[in-house]
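# Per-entry structural report
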Amino acid sequence: MSGLLIDNISMRFDLPNGGSVQALKNVTLDIKSGELLSVLGPSGCGKTTLLNIVAGFLAPTEGQVVVNDHAVKGPGPERGMVFQQGALFEWMTVRENVSFGPDMKKMPRQDSMKIVDRLLEVVGLQDFKDKAVYELSGGMQQRVALARCLANEPDVILMDEPLGALDALTREKMQSLVLDLWKETGKTIILITHSVEEALLLGERLLVMAPRPGRIHKEYRLPFAEMGVGADLRAVKKHPDYAKTREEILAMIWEMEEEIMGRTEESA
Amino acid sequence: MTGLILLAVYIAIFAVSMVIVAWATKRFFTRADFTSLKTVTFGDESAVKANRAASVISVLAIFALWVAFTNSSLPLFKAKGPFEGIVEFTYTSTLPDGRSDDATVSILVYPEDVQLTEDANGAPGKIPNKPDVDLGEGFAKNDTLVIPRYGSKLISVFQNDEFKKSDGAIVTHLNGQALTPGEQIILSEGRLALTEKGTPFFEPSTGFRMARLYLPAPEVTTNRFLQLNREGYRNFTLLEHTWASLQRVLLGFIFGALVGIPLGYAMGLTNWARGWFDPIVEFMRPVPPLALIPLMIIWFGIGETSKVILLFLAALWIMAIAARSGVSGVAIAKVHAAYSLGAKKSQILRKVIIPNSLPEIFTGARVAMGVCWGTVVAAELVAAEKGLGMMIMVAAKFQLTDIVIVGIILIGVIGFAIDIGIRKLEGWLVPWKGKV
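Scoring rules and cut-offs
Numbering of residues begins from 1 in every chain and follows the order in which that chain's sequence is written. Working convention: letters from A go to chains and numbers from 1 go to ligands, in the order in which they are written. With the structure being a predicted model, the display of local features is reserved for residues of pLDDT at least 70 and the display and counting of side-chain atom pairs for 80 or more, all residues being used for whole-chain, interface and lining totals. A pair of strands is treated as paired once DSSP finds two or more bridges between them. The secondary structure listing takes helices from DSSP runs of H or I that are at least 4 residues long and strands from runs of E that are at least 2 residues long, numbered from the N terminus. To define axes, lines are fitted to C-alpha atoms, for helices over the stretch in contact only, and angles between the resulting N-to-C directions are given on a 0 to 180 degree scale. Any angle that is under 35 degrees is reported as roughly parallel, and any over 145 degrees as roughly antiparallel; angles of 65 to 115 degrees are reported as roughly perpendicular and all others as oblique. In this scheme the crossing of two helices becomes right-handed for a clockwise turn of the near helix relative to the far one and left-handed for an anticlockwise turn of less than a right angle. This entry defines residue contacts through backbone-placed C-beta atoms, with two residues in contact when those atoms are within 7 Å. The span expected for a helix works out to 1.5 Å for each residue beyond the first. Three classes are used. A residue is buried when 20 or more other C-beta atoms lie within 10 Å of its own, exposed when 12 or fewer do, and partly exposed in between, with C-beta atoms placed from the backbone. The residue classification treats Ala, Val, Leu, Ile, Met, Phe, Trp, Tyr, Cys and Pro as nonpolar and Asp, Glu, Lys and Arg as charged. All others, Gly included, are polar. Start and end points for every domain follow an automatic or database-based domain assignment.

## A short note on the sheet that holds strand β1 (residues 85–94) of chain B
Across the sheet, five strands lie side by side as β3-β2-β1-β5-β6 (chain B); this open sheet has mixed pairing. Each end of this open sheet is capped by a strand with a single partner; those strands are β3 (143–148) and β6 (177–178) of chain B.

So, in structure tokens, the structure goes:
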């Protein structure tokens, strides 16, 4: 099994007012199969752009993304995506949402129903199968989104701030769920987040990106994800290294943010 | 004048009933729901709900005013009515040599709609005969005549006198009161005047009620409705007229939707179609369908075809724009998610774009139906054999105001029913609307 290679990607596009933006510059990243990667950075560092390029929604101006030895040309079912919110189909029930991927492949109904039942049990929504998605709470909706993504058996799961809109308690429960699913399924997961704590907990490998142009600033190898599997996340957070790393990254991002602010003020 | 009184009464009913209902609600009902605990309601749209008591009183008030200000026979409050019956006055004819003589004029004021009513045997009413009077003594002779309510008449008092105007006779007094030409006397029965040329003129008092020609009483309108239902109008039953209009609207709307929705999707999904159809749609959208009627008649004649095509055009642009904005309203995350789950373009269209645009399409359908229903009536004003618009137009030419009102009420009720129908369908097909 091969992983995912982000090969020297740059992205630059023209603005209507004549200027241009260097959103990403020479980003290279080799992600092994089954790796849990979290990406962190101040706003405007190009982390969402990077994810959209991997998903195939955007084309880089230079470089390429290679998944399973094939260059990415567009979106595909081997790269599943979980969005922040609002990506579920309100006109479908929970069950129909989860079976969307299998249905697109014209999988026989009895097979897809088996997958749906199993995954809804995994995410703890077996009693909500026939509910409309707008009847569910925000946390439940994100569980559906996870199950929908998993039902399609992707090799890589791309998550664009999937827990960003949830309240703190729900968020912590969902973090545990993501860790457990990662361990259970062995999928490669790339997770974009604003939250330093989330990036620490949900990243064996953590990338801090810097803005203007968007690039990889620093990379960490972290033990917390492994520690958090099936364990109490609050216990993990008490680990002395956790607090130390968190402070280090926070300081780094503060510095970048202030640099951006300073630059904006100069230009203004 | 009557209009201002009507408005004042209406405003008074509005205000007084509001105060009474508010008092009664407070006195006799205790509400314990959440909204009742809100202190800020002015400005909080969610706290504003239609007061059903107000709706009922509103409809009843219109009905009561309708009764009060028409010559209705219903035993409800009535505004002062027009004078009806016999009025008499005297005039004094004076000759150039100073001789003068008095004579009486008897006027019978009869209901102006007497020929439209039926007596107990079902025979149509007749204009009554002039009251019988003696010619009387002296050279001025008594006169008699009939005037309809809301009418007026110049009274040729000299026609049966011994001395006429050509003999130098002039009217100097009315009811014993000296009058010069141009002056008038107000009686409780009406206005008595001497014209500039010296001819007596009588106008019976009209009161505050409207004549049948302007607004027929509710029971007259109801009877007319029942009669139309029984006998039809102009060779077609009322149902056939209604169905003719409805059929044109439905055909026009369905064709408009069948063409407009795919057109809107194309405009929302491809650059070329957006660029190609944008000028056409944006140009045609502000053109009112009514302005196209002459062209439709020139191109397609006066038959059904031109009417259905007109309604098709009325619905087409509205549906196209609704579908286009339905497509642009799709959250990009949903489209991305569907592609990531392996959907192809045709699957994206069927499973994501079409369902997501349904709320917009329903809003468009309601607007289009309203416009079509309004346009069909106008389209039928020109050379139609049947249809509610034709019925109204022809009835208006014969001054049959009751038929006009029956038609208007039917149009309103059916339009309302169509709107409710679409809303029900929307609630059933788009249950997620407003909940996301």
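## Digging into the sheet that holds strand β4 (residues 153–154) of chain B
Residue and element names in this part refer to chain B. Taking strand neighbours across the sheet as the criterion, the four strands line up as β4-β9-β8-β7 in an open arrangement whose pairing is antiparallel. On the outer flanks of this sheet lie β4 and β7 (184–187), each paired with one strand and no other. Bridging between β4 and strand β9 (residues 200–204) involves two bridges; their strand directions are antiparallel. From the neighbouring strand, Leu154 faces β9, where its bridge partner is Phe201.

## Let's talk about the packing of helix α1 (residues 2–28) of chain B against helix α2 (residues 52–68) of chain B
Residues and elements named next belong to chain B. Two elements in contact, α1 and α2, have axes whose closest approach is 11 Å; the angle formed by their N-to-C orientations is 150°. One element, α1, and the other, α2, form an angle in the roughly antiparallel class. Once α1 is placed against α2, the crossing between them reads as right-handed. Along the contact surface, α1 presents Leu6, Val9, Tyr10, Ile13, Ser17 and Val21, while α2 presents Ala53, Ala54, Ile57, Ala61 and Leu65.

## A word on helix α11 (residues 401–429) of chain B
Residues and elements named next belong to chain B. Helix length check: α11, at 29 residues, gives a terminal C-alpha distance of 42 Å against a target of 42 Å (1.5 Å per residue), a fit within 8%. Of the positions making up α11, those classed as buried are Thr401, Asp402, Ile403, Val404, Ile405, Val406, Gly407, Ile411 and Ile418. Those residues of α11 that are buried are in contact with α3 (218–231), α9 (345–379) and α10 (388–397).

## Describing the interface of chain B and chain A
Listed per partner, the contact involves 17 residues of chain B and 20 residues of chain A. Counting residues per element, the ones that place at least two in the side of chain B that touches chain A are α8 (332–340) and α9 of chain B. By residue number, the principal contributor to the side of chain B that touches chain A is α8 of chain B, which donates six residues. Looking at the side of chain B that touches chain A residue by residue, the classes come out as eleven nonpolar, four polar and two charged.

## Overview of the domain arrangement of chain A
All names here are of chain A. What the domain assignment reports for chain A is domain 1 (4–76 + 157–267) and domain 2 (79–153). Computed over C-alpha atoms only, the centres of domain 1 and domain 2 are separated by 25 Å. If you look at the interface, domain 1 gives 20 residues, while domain 2 gives 15 residues. Those elements that provide at least two residues to the side of domain 1 that touches domain 2 are α1 (47–55), β7 (156–160) and α6 (168–185). It is α6 that contributes the most residues to the side of domain 1 that touches domain 2, five residues altogether. When the residues that make up the side of domain 1 that touches domain 2 are grouped by side-chain class, the tally is 13 nonpolar, five polar and two charged.

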